[in-house]
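Notes for the structure review
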Protein chains: 4
Amino acid sequence: MHRVRPLPNYLVQRYHGWKATGYADNKAWYRRLASDGQHPRAMVISCCDSRVHVTSIFGADSGEFFIHRNIANLVPPYEPDGDHHGTSAAVEYAVRVLKVSNVIVLGHSNCGGIKGCIDMCKGHAPELEAKESFVGRWMDILRPRYDLVADMEDPEEQMRALEKEAVITSLENLMTFPWIDQVVGEGTLTLHGLWTDIGEGSLEHYNPETKSFHPV
Amino acid sequence: MHRVRPLPNYLVQRYHGWKATGYADNKAWYRRLASDGQHPRAMVISCCDSRVHVTSIFGADSGEFFIHRNIANLVPPYEPDGDHHGTSAAVEYAVRVLKVSNVIVLGHSNCGGIKGCIDMCKGHAPELEAKESFVGRWMDILRPRYDLVADMEDPEEQMRALEKEAVITSLENLMTFPWIDQVVGEGTLTLHGLWTDIGEGSLEHYNPETKSFHPV
Amino acid sequence: MHRVRPLPNYLVQRYHGWKATGYADNKAWYRRLASDGQHPRAMVISCCDSRVHVTSIFGADSGEFFIHRNIANLVPPYEPDGDHHGTSAAVEYAVRVLKVSNVIVLGHSNCGGIKGCIDMCKGHAPELEAKESFVGRWMDILRPRYDLVADMEDPEEQMRALEKEAVITSLENLMTFPWIDQVVGEGTLTLHGLWTDIGEGSLEHYNPETKSFHPV
Amino acid sequence: MHRVRPLPNYLVQRYHGWKATGYADNKAWYRRLASDGQHPRAMVISCCDSRVHVTSIFGADSGEFFIHRNIANLVPPYEPDGDHHGTSAAVEYAVRVLKVSNVIVLGHSNCGGIKGCIDMCKGHAPELEAKESFVGRWMDILRPRYDLVADMEDPEEQMRALEKEAVITSLENLMTFPWIDQVVGEGTLTLHGLWTDIGEGSLEHYNPETKSFHPV
């Protein structure tokens, strides 16, 4: 087992600071969240990237968003094969148990996972091709879309295009889940695709009819 | 495809508010994050639960934590079988690419995933037993630990015990990844298990020697 | 040369205590800081005063702040005359090499340097007038501002007013550096002036439009 | 003047956290520090580097150390020419007003200022040669010592050697101040030279008789 190490001191200090302010000032709200359970309005699927916190962009408070974060904000297609599917489990819980009104897929610029996918598709990342590469096998979800951007010569343009394809892929894969297709059809769930530029702070929204992203 | 719906107005408004304040006031920082890439110090594995945002508890700003969130903050064991493993991919990216110094598993009280696991293990949730239940199959990761809490009569006590077992399970499963075992052995990565009580705002840290949680 | 003296024992003991705890618990982080270099987000210019540690007030851990400390947190105006300018060198390194996003000038109550400046301006401290007085010549940077507070009758009010003028002087002098003026104009650097009351633990932020300090 | 920007939110939050804990828990001590003034036992001269906080290494609390931080922890020689000398002013205040018992010069590994000095001395950094380079002119203090390490072939060894020469230079320059020479002679002040390795957490103490550094 790993060695016994105390929690880093800066985290201990910050926790106690939050406890004495953020928590103490809102104790009634936290107590009610604990006793009444959560009733989030939306699920957000975003990247693990440390630079993209949806709680900042949307000023989210405790209790508002049910947030799943994985590499490159990907949703795999519906595969009820009895295996562990962490993303599908999170989506199932949000849609079927919590009955959120929106599922929002949030992509972003400068995504390391997308960069790895491009390198892999170009044959520049043999280590990601290995069966043992979890990142490589995870990015396989997006791999079929690489053809759409393969001819782009500007690397930055290509990155952005594939980052946006990742959002579209996730939206399309979400629709392969029968219980999502159903509630979307009934109008009790809407799906949204977003893409944010870290450096510019811009936000674009996907329009599935025009198949393009537009500034919010 | 899903119908075209504009982004809910409350999100549009909040985004523009953030753009004009949180982003505008820190534009230099966001630009640098975009150009220099991320250098997070720690990875946090926490639950999707809308009531538990590690960015609040630890006052984390953009760039500090690489965050993976799934149902019940679970890490499956090392299984390089060529399938999609979102959690393992996130851990791989954090440890092998970003070379974070800490991996922190953050469990919490009132966890819906843990509640479902107990119901399923007690035979009270046949829908979770179905092969098609992604939540059920995801909670299978924790299922073997149910024996440890099966005899507890107080439901709340049992919940908390299994919530903490989920943290321990994740820590132990993390150690089954050969490249985690290696860097933990070399002293360049430390693992930490935490559990927070939503209503009380308390935080407990796992001591693997005494196999118990202690207030931070 | 000075005589050989061992390091005072209380420092030896504390160092070994830190080595076995603060360092050992965060060895991975320190190793990474050494190998990857520093990427601080902000530069702080504060006083040498033993009662004001910005690392306490802002819970700063290793790697976060590039800190210059001098008497009365003063920045002299831009003077590229080929002489040694320690403060200007520190600012140059932070802004041009490290490309920090913020420069924060932190003033404080009960400042001995400011007290000396007032005494000197009132003619009560001839020793500070001497050419050989490094403290006196250093406080000359602030001297022109004394006129603004000369008429105040309450000594404490006068002290605080000049302490705040020292912060404003530093901010204005920072803007005389052409490469600061440029990046502030481009929006990649923001300057902040703060003043803290040691006894009260309060913190005030300077608003250059209203030319006044407001509680944080 | 620079634009009006609020203090970054993460600093606001951390400040309020400290106010509610670190300050609130020690209010009596802070009030006494404000009313009685500071009586630090030692002055520390260390680098601005964000990775080296003497308050961590020596577990320093408010009131203990009078800390001057500049690029490469350098002290220029005694030059009472009527100009602004920030470092000399800090030393004068510590020794003559506060009458500290120790002045400690703390050097460190991986020092960017020392790296720049070596590059400059090798002719690889013409921008540091410019009269307008404050960093270059500041490092001129150390320049005469480069000869001592010029022949070293291993760059890391050379860096460490010059980092230690910087500490020795500062100690020797301190002794050129007549009022330091006097109190050192009288035994009421001792000078110490230290060098710490960021990655290893080691600490070495300078012995002026053997002219070498030894582990603490």
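The structure displayed is predicted, hence computed values, not measured ones.

Examining the overall build of chain A
- Broken down by element type, chain A carries 10 helices and 6 strands.
- Counting only C-alpha atoms, chain A reaches 55 × 50 × 40 Å along its principal axes.
- Counting all 216 residues of chain A, 60% fall into the buried class.
- In chain A, 63% of the contacts between residues at least 6 apart in sequence involve partners at least 24 apart.
- On chain A, roughly 8,200 Å² of surface is accessible, and the fraction owed to carbon and sulfur atoms is 47%.

Remarks on the packing of aromatic side chains
Residue and element names in this part refer to chain A.
- Here the structure, examined in full by the defined rule, presents 44 aromatic pairs over all chains.
- Centroid distance Tyr15 to Trp18: 6.1 Å. Interplanar angle 40°. Geometry classified as tilted. Placement of the pair is Tyr15 and Trp18 together in helix α1 (residues 9–23), with a separation of 3 residues, close to one helical turn.
- The buried category is assigned to Trp18, whose relative accessible area is 10%.

So, the interface of chain B and chain C
- With 22 residues of chain B at the interface, the matching set in chain C holds 22 residues.
- Taken over both partners, the interface formed by chain B and chain C buries close to 1,600 Å², and the fraction arising from carbon and sulfur atoms is 42%.
- Ranking the residues of chain B by area buried against chain C places Ala28(B), Arg32(B) and Arg41(B) at the top, with a combined share of 38%.
- Across the contact surface, chain B and chain C share 2 salt bridges.

A word on the pattern of salt bridges
- Within this structure, the stated rule accounts for 58 salt bridges over all chains.
- Here Glu129(A) ties to Arg143(A) by a salt bridge, and the two come within 2.8 Å at their closest N and O atoms. Of this pair, Glu129(A) sits in helix α6 (residues 126–129) while Arg143(A) is found in the loop between α7 (134–139) and α8 (146–149), placing the two residues 14 residues apart along the sequence.
- What you see here is one network of salt bridges that share partners, running through Arg14(A), Glu64(B), Glu64(C) and Arg14(D).

Side note on the relation of the copies chain C and chain D
- Note on the copies: chain C fits chain D at an RMSD of 0.1 Å, the axial shift is 0.0 Å, and the rotation between them is 180°. The transformation relating the two chain copies, once decomposed into turn and shift, fits a two-fold axis. When each C-alpha of chain C is compared by its distance to the rotation axis, Arg69(C) comes out closest, at 2.5 Å.

Some thoughts on the UniProt feature "binding site: Zn(2+)" (unreviewed entry) in chain A
Residues and elements named next belong to chain A.
- According to UniProt, the "binding site: Zn(2+)" (unreviewed entry) feature falls on Cys47, Asp49, His108 and Cys111. Over a stretch of 65 residues, the named residues converge on one spot in the fold, their C-alpha atoms separated by at most 9.0 Å.
- Tracing the chain through its elements places His108 in strand β3 (residues 102–108).
- Excluding its chain neighbours within four sequence positions, the residues that come into contact with His108 are Cys47, Asp49, Val52, Asn73, Glu163, Trp195, Thr196 and Ile198.
- Structurally, the position occupied by Cys111 is in the loop between β3 and α5 (112–121).
- With sequence-adjacent residues up to four places away left out, Cys111 is seen in contact with Cys47, Ala72, Met159 and Glu163.

Let's talk about the side chain of Asn102(B)
- Looking at where Asn102(B) falls in the secondary structure, it is placed in strand β3 (residues 102–108).
- Of the polar contacts made by the side chain of Asn102(B), one reaches the side chain of Thr190(B); its length is 2.5 Å.
- Not counting chain neighbours up to four residues away, the residues in contact with Asn102(B) comprise Pro8(A), Arg41(B), Ala42(B), Met43(B), Leu189(B), Thr190(B) and His192(B).

Looking at the domain arrangement of chain A
Residues and elements named next belong to chain A.
- By domain assignment, chain A separates into domain 1 (1–36) and domain 2 (38–215).
- Computed over C-alpha atoms only, the centres of domain 1 and domain 2 are separated by 30 Å.
- Taking both sides of the interface into account, the surface hidden between domain 1 and domain 2 amounts to around 320 Å²; carbon and sulfur atoms contribute 51%.
- Contact with domain 2 buries surface across domain 1, with Trp29, Leu33 and Asp36 losing the most and accounting together for 83% of the total.
- Our count for the domain 1 to domain 2 interface comes out at 0 salt bridges.
- Taken together, the links from domain 1 to domain 2 amount to 2 residue pairs in polar contact (both at pLDDT 80 or more).
- Residue composition of the side of domain 1 that touches domain 2, by class: 3 nonpolar, no polar and 1 charged.

Considering the environment of Lys99(D)
Residue and element names in this part refer to chain D.
- As for its position among the elements, Lys99 is in the loop between α4 (86–97) and β3 (102–108).
- According to the relative accessible area criterion, Lys99 is exposed, its value standing at 61%.
- Each C-alpha atom, one on Lys99 and one on Arg41, is 8.3 Å from the other, the two residues being 58 residues apart in sequence.
- A distance of 3.2 Å separates the side chain of Lys99 from the backbone oxygen of Arg96, its partner in a polar contact.

About the cut-offs
Residues numbered from 1 in each chain as written. Chains lettered and ligands numbered in written order. Predicted model: local features only at pLDDT ≥ 70, side-chain atom pairs only at ≥ 80, totals over all residues. Heavy atoms only, no water. Helix = DSSP H or I, 4+ residues; strand = E, 2+ residues; numbered from the N terminus. Buried < 20%, exposed > 50% of the residue type's maximum accessible area, 1.4 Å probe, protein only. Contact = heavy atoms within 4.5 Å. Areas by Shrake-Rupley, 256 points an atom, 1.4 Å probe, with all protein chains shown as cover. Phe/Tyr/Trp six-rings, centres within 6.5 Å; stacked < 30°, edge-to-face > 60°. Buried area = accessible area lost by both parts, 1.4 Å probe. Salt bridge = Lys/Arg side-chain N within 4 Å of Asp/Glu carboxyl O. Least-squares fit on C-alpha atoms with pLDDT ≥ 70 in both. UniProt positions renumbered as here; feature names shortened; annotations may be inferred. Polar contact = N/O pair within 3.5 Å; in protein donor to acceptor, adjacent residues only side chain to side chain. Domains from an automatic or database assignment. Nonpolar A, V, L, I, M, F, W, Y, C, P; charged D, E, K, R; others polar.

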